[in-house]
Amino acid sequence: MTAGAVALGIAQLVAGVFGGTSPIIAVGNSAVDNTPLWLKEWAIRTFGENDKNVLIGGILVVVALLAAALGVLSRRRVGFGVAGLWLFGLVGMVAVLTGAEAGPLAILPPLIGAGAGAMTLSSLFRRLEPPPWAESERAEALAAAKTDDSRAAAEPGDSHAAAEHDDSHAAAERDDSGKTEMPPVMRAGSELHAFSRRRLLTGVGVGVGVAGVSGIAGQLLSGRNDVSGARTAVAKALPTAATPLPPLPAGVDFKIPNLSPFSTPNHDFYRVDTALVVPAVDPKSWTLKIHGMVDKPIEITFDDLIKRPLMEADVTLTCVSNEVNGPYVGNARWLGVRMADVLREAGLQANADMLLSTSSDGWTCGTPIDIVMDGRDALFAIAMNGEVLPVSHGFPVRQVVPGLYGYVSATKWVTDIKVTRYDLDEAYWTPRGWSAMGPIKTGSRIDLPRNKVKPGRNTIAGVAWAQHRGIEKVEVQVDDGDWRVARLAEVPGPDTWRQWAIDWDFTPGLHTIRCRATDGTGQTQTANGAPPAPNGATGYPTVLMEAV
Ligand SMILES: Nc1nc2c(c(=O)[nH]1)N[C@H]1C(S)=C(S)[C@@H](COP(=O)(O)O)O[C@H]1N2
Ligand SMILES: [Mo]
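Remember, predicted model here, so these are calculated numbers, not experimental data.

Caption draft 1: Representation of the packing of helix α1 (residues 2-18) against helix α6 (residues 108-126) in the model. Here α1 crosses α6 at 150°, and the two axes come no closer than 7 Å. Between α1 and α6, the angle is such that the two are roughly antiparallel. As α1 runs across α6, the sense of the crossing is right-handed. Across the interface between the two elements, Thr2, Ala3, Val6, Ala7, Ile10, Ala11, Val14, Ala15 and Phe18 of α1 pack against Leu108, Pro109, Ile112, Gly113, Ala114, Ala116, Gly117, Thr120, Leu121 and Leu124 of α6.

Caption draft 2: Spotlight on the sheet that holds strand β16 (residues 487-488). Strand order in this open sheet of four strands is β11-β13-β17-β16, and the pairing throughout is antiparallel. Whereas interior strands pair on both sides, the edge strands pair on one side only; in this sheet they are β11 (443-448) and β16. Where β16 and strand β17 (residues 498-506) come together, two bridges link them in antiparallel fashion. Note that in β17 the partner of Arg487 across the bridge is Ala501.

Caption draft 3: The environment of Glu129, seen in detail. If you trace the backbone, Glu129 turns up in the loop between α6 and α7 (132-154). Classification of Glu129 by relative accessible area gives partly exposed; the value is 48%. Separated by 68 residues in the primary sequence, Glu129 and Arg197 place their C-alpha atoms 9.8 Å from one another.

Caption draft 4: A look at unusual backbone geometry. Residue Pro449 is reached from Leu448 by a cis peptide bond, and omega for that bond is -5°. Its place among the elements puts Pro449 in the loop between β11 and β12 (452-453). Residue Pro534 is bonded to the preceding Ala533 through a cis peptide linkage, with omega at 5°. Of note, Pro534 is situated in the loop between β18 (509-519) and β19 (542-547). One non-glycine residue with positive phi stands out, namely Asp479, at about 50°.

Caption draft 5: Fine view of α1. For α1, with 17 residues, the first-to-last C-alpha span of 24 Å sits near the 24 Å given by 1.5 Å per residue. Within α1, 12 of the 17 residues are buried, which leaves the element mostly enclosed by the surrounding structure. Every buried residue of α1 is listed here: Thr2, Ala3, Gly4, Val6, Ala7, Gly9, Ile10, Ala11, Gln12, Val14, Ala15 and Gly16. The positive-phi residue at the C-terminal boundary of α1 is Gly19, with phi of around 70°.

Caption draft 6: Representation of the pairing of strand β13 (residues 456-465) within the structure. Of all 10 residues in β13, seven are buried, a share of seventy percent or more. Relative to β13, β11 runs antiparallel, the two being bridged by five bridges. Counterpart to Ser444 in the pairing with β13 is Ala464. Strand direction decides the pairing type here: β13 and β17, joined by nine bridges, are antiparallel. By the bridge assignment for β17, Ala461 is matched with Ala501.

Caption draft 7: A look at empty space enclosed by the protein. Throughout the structure, instances matching the rule amount to three cavities of 30 Å³ or more. Every element with two or more residues in the lining of the largest cavity is listed here: α1, α4 (51-74) and α5 (78-98). It is α4 that provides the largest number of residues to the lining of the largest cavity, a total of four residues. Here the residues of the lining of the largest cavity sort into six nonpolar, four polar and no charged. Taken as a whole, the second largest cavity spans an internal volume of roughly 50 Å³. Broken down by class, the residue content of the lining of the second largest cavity amounts to three nonpolar, one polar and three charged.

What counts and what doesn't
- Residues numbered from 1 in each chain as written.
- Chains lettered and ligands numbered in written order.
- Predicted model: local features only at pLDDT ≥ 70, side-chain atom pairs only at ≥ 80, totals over all residues.
- Heavy atoms only, no water.
- Axes fitted to C-alpha atoms, helices over the stretch in contact; angles between N-to-C directions.
- Helix = DSSP H or I, 4+ residues; strand = E, 2+ residues; numbered from the N terminus.
- Parallel < 35°, antiparallel > 145°, perpendicular 65-115°, else oblique.
- Left-handed = near helix turned anticlockwise from the far one by under 90°.
- Contact = heavy atoms within 4.5 Å.
- Pairing = 2+ DSSP bridges.
- Buried < 20%, exposed > 50% of the residue type's maximum accessible area, 1.4 Å probe, protein only.
- Expected span 1.5 Å × (residues − 1).
- 1 Å grid on protein atoms, 1.4 Å probe; cavity = no way out; pocket = protein on both sides within 12 Å on 5 of 7 lines; lining within 4 Å.
- Points joined across faces, edges and corners; volume = space filled by probe spheres on them.
- Nonpolar A, V, L, I, M, F, W, Y, C, P; charged D, E, K, R; others polar.

Here you go:
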């Protein structure tokens, strides 16, 4: 385990020096990429937004167990352990090489890490072997033991003498702690044992120290890739919208305690992505390439982008993985450049129907061209809620398209758009069991009450969304009674969620609350339950609660 820790620590250090990925993260990334749909759904359901930490923790536990097993094998033959460490290194190398960000130096962390681990293991086992000078002491002890034995053998009949001899010997050798006598050979052996155990423990201590220091140093060095400075710089010079939106109408928010606020604060905004380490993209080196089925491929810099007319849009994002009544939905005012304007510059060819966007970390997303070009507020966004995009939400540039689930529209850290066709290309989630198309289904959520209330009058409230169609009506049903129409908060447009509320007199006891929303086209949410995969969960949000 010490050797394994040294391997990982050194790998982290090398990754820090050369700006690569640590093998644990690389293995984690390929685990994320290869997780089957059912496992992914289970992980999100069970661990929510902690799923990444659970994954990394799990990998570390598995690695520790495997390292311990290798250690046991190594007691038979150090070669087994050394081979095992190199095998780990190989797994790490395959993981980094198949990752999206693999540069030529990417194999260095697992390679050098495995080497360091193998060296540590052999050196620790060498410490278990007696050193040459101890070997000669041992030989002396052996010789002495032989003399004793031969003397005993020379007086086979004289048991008394032999016993006397043994007694005196025992008395002479008995130590203060009163330990029982031990034949010289064994004694010499056990001293050596104690000695080599000390040597081993010192070695382990040094190893653990090296692992810790190199691991921490590696992390600190990776911190050089930190873009918080660059983010502050953008914040200082954040341009304003050429066409700013009026402030939100006062009536968008009922301001009911525990009801989701109309504007989701950035730090509360849900986060869903495949990135175990948030990509650090420097706006100075960021470019967006638009190529493929275009008349004129273009590549624009961050400065090019923000010199264009900026606009604001209130848009609610929703994740296709959101379960009925789930948390993966949030609303913000975005600042950005209209995607359609930039795309028109490149000249979209008539037979193209898909934008295949790629993030700096290699995630891909397929968005229908007709939706992006139909005049809705589809943006290359640079800010959210008046603040430069947080790094975890796509700094410096992300896409926002009202009406489409995030996995088919909301590419964070976007750097590349290939104009293509659905029958020619496939985005990240499509072969993993999610539909190529992801229009947002009309949805709603009951925010309160969630479990217990006092009997009598209480407020039932929540949010509902049907981006780009708008919410026309929300109804509430208690205990299989009549559906009653809830009051609706105001909205700035059809692209955001809408708060709803209704007062209810609860009798003491258990109650079931349901809600359902009707969108701007008159369509009401279906009662039929469906899981998130492949294209979004359905069913009435239901809450079981008690008035006591
Ligand atoms: N680069 C990248 N962008 C991405 C994703 C991703 O995995 N990688 N996930 C998408 C999904 S599934 C959703 S729901 C939204 C979530 O955006 P948020 O994390 O800012 O809320 O981002 C989208 N953009
Ligand atoms: Mo999503």
